[in-house]
Structure formats: C-alpha cells, structure tokens
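Summary of structural features
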Amino acid sequence: MKKLSKTARTAVRLLFTGCLILLGLDLALLGHDTHFIYESRHFFYACFGFCSGLIIVLLAKHVLRPIVKRSEDYYE
Amino acid sequence: MSEPLHPVLIFYFSALLISLFSSRKIVQLLVIIIPLFGLLNLYSLPDGSYHQFTLHGFHFLALNIDPLSRIFAYIFHIAVCITLIYTTAFDDTSKLAFGFFYAGSALGVVFAGDFLTFYIFWELLTLSAVAILLKRKTDRAARAGIHYLLTHVVGGLALLSGVILHYLDYGSLQMIRLSLSGTAEWLIFMGLGVMCAFPLLHCWLTDSYPEASISGTVFLSIFTTKSAVYSLARIFPGQSELIWIGAVMTIFPIFYAVIENDLRRVLSYSLINQVGFMVIGIGLGTYLSINGAVAHVFTHILYKSLLFMSIGAVMFRTGTARATGLGGLARSMPFTTACCIIGAASISAVPFFSGFASKSLVVSAAADGHHLALWLVLLFASAGVFHHAGIKVPFFAFFSHDSGLRVKEAPLPMLAAMGIAAFLCVIIGVFPEYTLYPLLPYPVSYNPYTAAHIVSQFELLSFAALAFTLLLLSGIYPAEMRATNLDFDWFYRKAASWLIVAAGVIVAATSKLLELAGKMLVSVYHRLRTLPDYLVYTTGLKSTVRPIGESLALALLFMTALIFIM
C-alpha cells in the first residue's frame with residue numbers, strides 16, 4: 001500500500017464511510033418494484049459497480065495494453 | 001408573407017463580420033451578442049417549413065423547424081456562445097470566424113428539410129472542421145486533418161450515393177423516416193455512421209480531436225457527432241441495429257481510456273462512449289428513449305465542452321495535456337479544478353448533475369423494454385465512464401502526485417466560459433423538469449429523483465470509485481505511460497501499406513513470369529514456322545508444306561491465349 005497524505009487519507013475514509021452508509025440505505029430502500037430480478041437483490045448495484053471497476057482495469061492492463069501499446073512516435 | 005431570417009445566415013454573416021475586427025473587446029462583445037440574437041430569432045420562429053424553392057425540378061426546403069430540430073439548434077447556439085467566449089482568451093479572430101462557420105453548417109444540417117440541402121451542409125461541416133484542425137499548424141494536426149478529411153469524404157460519398165439511389169427509387173428528396181430495406185438506405189446509414197463514429201469507423205475522432213488547438217478541440221467535440229446523432233434521430237429512429245451498435249460504442253472506448261495517457265484523447269474515447277448512449281436511445285425508438293437520446297445530446301454538449309475546456313485551460317498554462325506531465329494543479333488552478341469536477345460529475349451521471357437527468361431516461365427506456373442484456377451493458381458503461389472520465393481525468397490533472405508545476409489560474413474569459421457551462425450542468429441536474437424536459441420533442445412524465453434511483457446510482461458509482469481507489473493504493477492500477485495505443489486505423493495506416501508492398505512484389509513476380517513465358521512462346525513459334533523449311537531442305541518435300549508450319553504456330557498461340565482467357 002502507498003503512503004498517503006493527510007488529505008488523501010481523509011478522502012479515502014470518507015469514501016469508505018459513504019459506501020457503508022449506502023449499503024445501509026440499500027437495505028432500507030431498494031429491493032422493491034423492479035424491472036429485473038437482479039435489481040431486487042440487495043447490494044446488486046454495489047457488487048456490479050465494484051466488479052465492473054475491477055474488470056475494466058484488469059482487462060485494460062493485462063489484455064489490451066500488451067496488444068496495442070507501441071512507441072509514441074509509431075506512426076511518424 | 002416575407003420569409004424569416006435563416007439562423008444559418010446569422011452565423012455565416014458573423015463569420016465574415018468577426019474577421020473584420022481586430023479589437024479583442026469588440027470581438028468578445030460580438031461573440032455574446034450574435035448567439036443571443038440568434039437564440040431570440042429562433043425563439044420567435046414558430047414550428048413550420050420556410051425557405052422553400054424549386055430548382056431544376058428539385059424541391060428544396062432549407063428551414064424546417066420542429067421540436068427535434070429546435071432543441072438541437074438551441075444547444076448549438078448556447079454552446080457556440082460559451083466556446084467563443086472561451087476562445088477569445090487567446091486565439092486570433094480567424095479561428096472565431098471558422099467557429100461561426102462550423103456552427104452555422106451544423107445548424108444547416110439540423111434545419112435541412114431535404115436530402116440535398118442536408119448533404120451540402122454536411123460537407124460544409126466537414127470542410128470547416130478540417131479547417132479548424134489545420135489551424136493548429138503542426139505536423140500531427142495536419143496528418144489528423146487529412147485523416148479526418150479522407151474518412152469523411154468516403155462517408156460523404158456513401159451518403160451522396162444513398163441519396164441519389166433514394167431519389168431514383170422514390171422521386172423525392174424530402175427528408176423522411178427510413179428503414180434499412182435496401183442499398184440506398186444502407187449507404188445513407190453508413191454515411192451517417194462515419195460521422196457518428198460507429199465502431200471501426202471511429203478512428204478519425206480519437207486521432208484528430210486531441211491534435212486540434214485548445215479551442216479547436218472544444219468546437220469539434222460539440223458539432224460533428226451531434227449533427228450525426230440528430231440525423232439518425234431524424235432518419236432512422238427505432239432502427240434496431242442501432243441498439244447494439246450503440247452498445248459496442250459504450251463499451252470498447254472505456255478500456256482504451258483507462259490506458260491512455262493524453263487526457264484529451266481520454267475525453268475523446270469517452271465522447272464515443274457517451275454518443276453510444278444516444279445511439280441506443282434512438283435505436284430503442286420509444287418516446288422515452290428518443291427523449292433520453294436528445295436530452296443526453298443537450299447535457300453532453302455542455303459537460304463535454306466543460307471537460308475539454310478545463311483540460312484546455314491546463315494545457316494553456318502548462319503546455320501539456322498528458323497525465324505523465326501533470327498532477328497537483330488543484331492549488332494553482334482551483335476554479336478550473338472545480339469546473340472539471342462538475343463536468344466529471346455530470347458525465348458520470350452523479351445525481352443532481354446534468355448527466356443524471358438525461359442518461360436516466362435512456363437506461364429507464366432499456367429497462368421498460370425489458371432489454372436485460374442491454375440494461376446490464378448500460379450499467380457497466382456507466383461504471384466505466386465514471387472510472388475514466390469521472391475520476392481519472394480530474395485525478396491525474398489536478399491531484400495525484402505533485403508534478404512541481406506552479407502556474408497561474410486560467411485567464412478570465414476561460415473562467416467565464418467554464419463557469420457558465422458548470423452553472424448550466426448543475427441547474428439542469430437539479431431542475432430538469434423546468435430547464436431540460438420542456439424542450440424535449442415528446443411530452444415527459446419522468447421523475448429521475450426517486451429515493452431508490454438516487455441510492456442505486458450513488459451505490460453503483462461509489463463502489464466503482466472504491467475499486468479504483470483500492471487498485472490505485474495497491475499499485476495495480478496501470479501506470480500512465482507515453483505511448484501510442486493501436487486502434488482499428490492500424491489496419492489502413494500500417495497493414496494496408498504492407499499489403500500494397502506485398503501486392504507490388506506479387507505483381508512484379510507475375511510480370512517476370514509472363515515475360516519469360518512470352519519469350520518461350522515466341523521461340524517455339526519461330527521453330528514451328530521454320531520446321532517446314534528445314535524439312536524441305538533436308539528431305540526434299542514439296543514447298544506446299546510451308547503453310548502447315550505457320551498454321552501450327554498460329555494454332556499454338558491461339559490455344560495459349562484461350563487457356564489464359566479461361
């Protein structure tokens with residue numbers, strides 16, 4: 001883990017707290033009156049958002065970049 | 001009754017007028033007054049058809065105003081005003097003149113009521129965009145300009161061919177709703193697809209936008225693709241092929257944007273992602289989805305130009321838009337940072353920002369139609385755009401590590417333009433029912449601000465941000481690198497040249513082989529011709545056998561030719 005500045009530590013703590021509050025609100029408010037069965041599952045949006053973020057970065061880094069990366073003056 | 005003043009004429013005349021003035025103060029005044037006058041003129045015009053005439057048997061309709069063309073025209077007026085205010089901070093008046101001409105051509109496309117007028121403004125739009133690109137006067141900009149021009153010439157030819165075939169089929173040039181039922185419709189569709197940056201036809205966009213000047217990129221981001229989205233909404237609403245074309249557009253740019261170092265190119269990829277949402281909305285074809293697509297055009301023009309303007313301001317002060325050379329500018333440029341964050345929040349559809357009010361319409365339309373796979377794609381794309389445009393762009397430009405750059409805040413006209421755009425992003429986001437929804441082409445009975453919707457959207461985005469944070473802290477997030485990332489244009493920029501060399505080698509080898517075969521054939525022909533002489537000479541046969549040899553030789557030649565032809 002990288003060493004963080006005080007401001008960055010505060011931002012990360014705020015994010016963690018916000019995520020926890022949202023999980024609580026999810027339990028209270030979501031899960032009713034939905035179009036798809038997935039929406040009615042609690043924490044669906046949290047899991048989907050988190051997994052999407054991981055998939056995007058890992059695929060971009062380990063699959064796309066090795067295939068497409070060339071020197072900056074490749075076309076010159 | 002006299003014809004009303006055509007909005008295009010105001011912009012074209014302004015392009016001439018503004019190039020006459022060199023005083024920056026007068027120009028700054030004009031760039032505010034002219035679009036405001038244009039807006040008033042447009043507001044005063046009731047829906048209807050104006051400027052109609054017949055020439056050589058063709059019926060032209062140059063000004064067709066209905067709710068669809070009106071909302072596009074409104075946002076084009078607002079955007080040109082904001083961008084020109086921004087541009088007066090540093091550029092010469094000739095750039096402003098091109099800006100007016102470019103915006104005027106986009107208005108011409110939007111108001112055209114027949115295919116020929118539409119095509120003429122379509123080509124003028126391309127030419128003025130190329131002129132804006134070339135104004136940067138660098139080698140890379142020139143190459144990007146040629147790339148832009150060639151791609152759009154091909155797209156324009158497809159469009160023109162489609163229009164001609166359509167006229168031959170129907171005997172009318174009136175712009176009507178079409179479906180993909182024949183060659184003419186497919187050609188028109190593909191012509192629009194080039195300008196809309198459909199997948200595989202998109203490389204002109206990510207190649208050229210980051211190479212334009214600071215203001216040029218802002219201009220280009222507003223008019224070209226949105227004119228194409230308008231055309232799709234006008235000609236192909238409800239065309240189901242658009243749904244999956246749009247879905248691909250929302251997904252693939254995300255991966256490129258994550259590994260891209262040039263922040264203006266990151267924004268160019270995210271532009272394709274956002275246009276994908278609009279294309280899906282048009283493809284779904286319901287009132288809600290088309291309203292969503294049009295609303296997304298309106299908000300996208302504001303927040304995307306805001307993002308390009310804030311990165312442009314950074315580039316203006318630091319000389320670079322590459323993430324590797326930036327970082328820690330929030331203290332030096334606090335207002336620009338705030339504007340960039342507002343633009344980032346809007347593009348990410350954070351509740352109470354403009355993107356939320358528009359994107360929700362498209363996502364809800366997909367859910368209402370029970371398109372499960374599409375709905376999941378849209379959620380994935382929403383998380384993805386937050387990742388690269390919502391977090392990456394402001395983070396690497398203004399926060400991240402301290403690059404050591406200590407610069408002044410952006411000049412006042414830039415701040416004013418960014419401030420207006422940021423204000424509109426917030427006001428539309430908070431009060432869409434009073435600002436945006438009344439302008440949409442169909443009546444809206446949609447409320448994006450239900451508790452469940454707000455919580456689910458915050459949850460999606462916050463946990464995507466959590467993934468970003470954990471990946472960054474653990475060192476897994478890909479480091480920014482100076483590199484060229486190959487895209488589909490590699491096939492015609494590199495592979496095609498190799499193919500041409502290979503084809504040249506094959507042609508040269510074949511011609512050598514044919515030359516050898518020809519020499520052998522001539523030699524055999526001569527031997528056959530002289531055979532009777534030889535026989536007469538050696539055996540004493542009568543000279544009448546001589547023609548037999550010539551006939552044999554000719555028959556051989558004829559048979560060889562026949563084999564080649566078959």
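As shown above, the structure is provided for reference.
Residues numbered from 1 in each chain as written. Chains lettered and ligands numbered in written order. Predicted model: local features only at pLDDT ≥ 70, side-chain atom pairs only at ≥ 80, totals over all residues. Heavy atoms only, no water.

A few words now on helix H9 (residues 214-235) of chain B. Over its 22 residues, H9 of chain B extends 33 Å from the first C-alpha to the last, a length consistent with the 32 Å expected when each residue adds 1.5 Å. Most pronounced at Leu-220 of chain B, the bend in H9 of chain B amounts to some 30 degrees. (Helix = DSSP H or I, 4+ residues; strand = E, 2+ residues; numbered from the N terminus. Expected span 1.5 Å × (residues − 1). Bend = angle between axes of the 7 residues up to and from the residue.)

Turning next to the interface of chain A and chain B. Listed per partner, the contact involves 45 residues of chain A and 55 residues of chain B. Approximately 4900 Å² of surface area, both sides summed, lies buried where chain A meets chain B, with 75% of it carried by carbon and sulfur atoms. On the chain A side of the interface with chain B, the three residues burying the most area are Arg-65, Glu-72 and Tyr-75 of chain A, jointly 16% of the side's total. Across the pair Glu-76 of chain A and Arg-143 of chain B runs a salt bridge, and its minimum N-O distance is 3.6 Å. At the junction of chain A with chain B, the criterion picks out twelve residue pairs in polar contact (both at pLDDT 80 or more). For the side of chain A that touches chain B, the elements supplying multiple residues, two or more each, are helix H1 (6-29), helix H2 (37-40), helix H3 (44-68) and strand E1 (69-70) of chain A. Looking at the side of chain A that touches chain B element by element, the count peaks at 19 residues for H3 of chain A. (Contact = heavy atoms within 4.5 Å. Buried area = accessible area lost by both parts, 1.4 Å probe. Salt bridge = Lys/Arg side-chain N within 4 Å of Asp/Glu carboxyl O. Polar contact = N/O pair within 3.5 Å; in protein donor to acceptor, adjacent residues only side chain to side chain.)

Our next topic: unusual backbone geometry. Residues and elements named next belong to chain B. Despite not being glycine, His-56 shows a phi value in the positive range, around 50 degrees. Assignment of secondary structure puts His-56 in the loop between strand E1 (48-55) and strand E2 (58-65). Under the relative-accessibility criterion, His-56 is labelled exposed at 76%. Positive phi values are uncommon outside glycine, yet Phe-352 reaches one of about 80 degrees. Turning to its location among the elements, Phe-352 is positioned in the loop between helix H13 (334-347) and helix H14 (354-368). Judged by relative accessible area, which is 37%, Phe-352 ranks as partly exposed. (Buried < 20%, exposed > 50% of the residue type's maximum accessible area, 1.4 Å probe, protein only.)

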